[in-house]
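# Structure assessment
Here are the chains, one letter per residue:
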Amino acid sequence: MSSKRHICFATCAPGLEPLLHAEMRGLKLAKVERQVGGCYFEGAMPEIWRANLGLRTAVRVLVRLSRFEAVDGDALYEGVAAQDWSSFVAPDGSLRVAAKIKQSKLDHSQFVEQRVKDAIVDQFQARTGTRPSVDKDEPDLRVGIHLFQDRVTLQIDSSGHSLHRRGWRRAQGRAPLAETLAAAMLLASDWDGRSPVLDPFCGSGTILVEAALLATGTAPGLLRPRFGFESWDGHDAAGF
Ligand SMILES: C[S@@+](CC[C@H](N)C(=O)[O-])C[C@H]1O[C@@H](n2cnc3c(N)ncnc32)[C@H](O)[C@@H]1O
């Protein structure tokens, strides 16, 4: 996986796309293209690591595995089964599949999610006799299916938990701001990264901590205990 280049999509909160785009250019990611809800880029594992570790406004980094046509459940199943899933989740791991569908013959998202899940777990069952379980809340692997005009885009989430979970927060007030949003506010402001920052309604201090990370040039993901890709088979821990 590590030298193969992938089309990736970094997601962000609506409205933050221009900030994310600028950040991605700053990280020297290739073929950055702004869309609604995020930006595309192209890269291999080192770029996927860099995006996860360094983007302040991104929520997730999705990696495209394949694209194929599917007008029925069987074609969908075959397309998903063509992928070797052993690289991304262990037989005793857990996964979750989420589908988004527009203008397609397969138009029942629960059915689509079920078929995709079956295609993945059947592969494990056939090879190892055990199969990953489904976990809707804290899965080891999140699989995304986009169906648009019968064209399937199959992608996996390289981030794992949302990137707003930086790893620095020990406790929170009643109305914490998402770290990604706090970083966006700072990036959108005219702050020079040097002059004092004052937050009179600091609550649990999200804006201030994000400001400190920015001012010291600290990658926002540096304190995070784990990214999704770290549990992929063949993960190059030393390289990361
Ligand atoms: C939405 S939160 C702010 C989040 C914070 N800026 C951050 O970065 O996480 C609003 C905060 O303002 C505080 N607050 C509201 N009214 C206040 C007041 N009159 N004086 C001081 N703090 C107040 C609340 O206790 C709460 O922590």
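Residues numbered from 1 in each chain as written. Predicted model: local features only at pLDDT ≥ 70, side-chain atom pairs only at ≥ 80, totals over all residues.

### Let's talk about the overall build of the protein
Short version of the rule: Numbering goes from the N terminus for both helices and strands, where a helix is a DSSP run of H or I of at least four residues and a strand is a run of E of at least two. To get the radius of gyration, use the C-alpha atoms; to get the globule rule, take the number of residues to the power 0.38 and multiply by 2.2 Å. Counts of 20 or more other C-beta atoms within 10 Å of a residue's own C-beta define buried residues, counts of 12 or fewer define exposed ones, and intermediate counts define partly exposed ones; C-beta atoms are placed from the backbone. Each residue is represented by a C-beta atom placed from its backbone, and any two residues with such atoms within 7 Å are regarded as in contact.
In terms of helices and strands, the protein carries six helices and eight strands. Each helix and strand of the protein, placed in order from N terminus to C terminus, yields the pattern β-α-β-β-α-β-α-β-α-β-β-β-α-α. The C-alpha atoms of the protein give 19 Å as radius of gyration, which agrees with the globular expectation for 240 residues (18 Å, within 12%). For the protein, the spread of C-alpha atoms along the three principal axes comes to 60 × 40 × 35 Å. Taking all 240 residues of the protein together, 37% fall into the buried category. In the protein, 73% of the contacts between residues at least 6 apart in sequence involve partners at least 24 apart.

### Digging into the site of the ligand
Applicable threshold: As used in this record, a residue near a molecule or strand is one whose C-beta atom, placed from the backbone, is within 6 Å of it. The classification used treats Ala, Val, Leu, Ile, Met, Phe, Trp, Tyr, Cys and Pro as nonpolar, Asp, Glu, Lys and Arg as charged, and all other residues, Gly among them, as polar.
Taken together, the neighbourhood of the ligand is formed by 13 residues, with Ala175, Phe201, Gly203, Thr206 and Ile207 sitting nearest. Tallied by class, residues from the shell around the ligand come to seven nonpolar, five polar and one charged.

### What to know about the pairing of strand S5 (residues 94-102)
This is how it is decided: If DSSP finds at least two bridges between two strands, the strands pair.
Relative to strand S6 (residues 133-134), S5 is paired through two bridges, and the arrangement is parallel. By the bridge assignment for S6, Leu95 is matched with Val134. Note: S5 against strand S7 (residues 141-148), eight bridges, orientation parallel. Each residue of the ladder has a partner; that of Lys100, found in S7, is His146.

### Observations concerning the nonpolar core
Formally: Each nonpolar core comprises buried Ala, Val, Leu, Ile, Met, Phe, Trp, Tyr and Cys residues, the members being joined through C-beta atoms within 7 Å.
Within the largest apolar cluster, 54 residues are counted, with the highest numbers of intra-cluster contacts made by Cys8, Ala10, Leu20, Ala51, Ala58, Val116 and Ile145. Among residues more than four places away in sequence, those in contact with Val116 are Leu76, Val80, Val97, Val143 and Ile145.

### As for unusual backbone geometry
Residues apart from glycine generally show negative phi values, whereas peptide bonds are mostly found in trans. Positive phi is not limited to glycine here, since Lys31 has a value of about 50 degrees. Turning to its location among the elements, Lys31 is positioned in strand S2 (residues 30-35). Of note in the backbone geometry, Gln103 takes a positive phi value of approximately 45 degrees without being a glycine. In this fold, Gln103 is placed in the loop between S5 and helix H4 (109-128). For Gln103, a count of 10 C-beta atoms within 10 Å corresponds to the exposed category.

What is shown is where atoms sit, not what they do.
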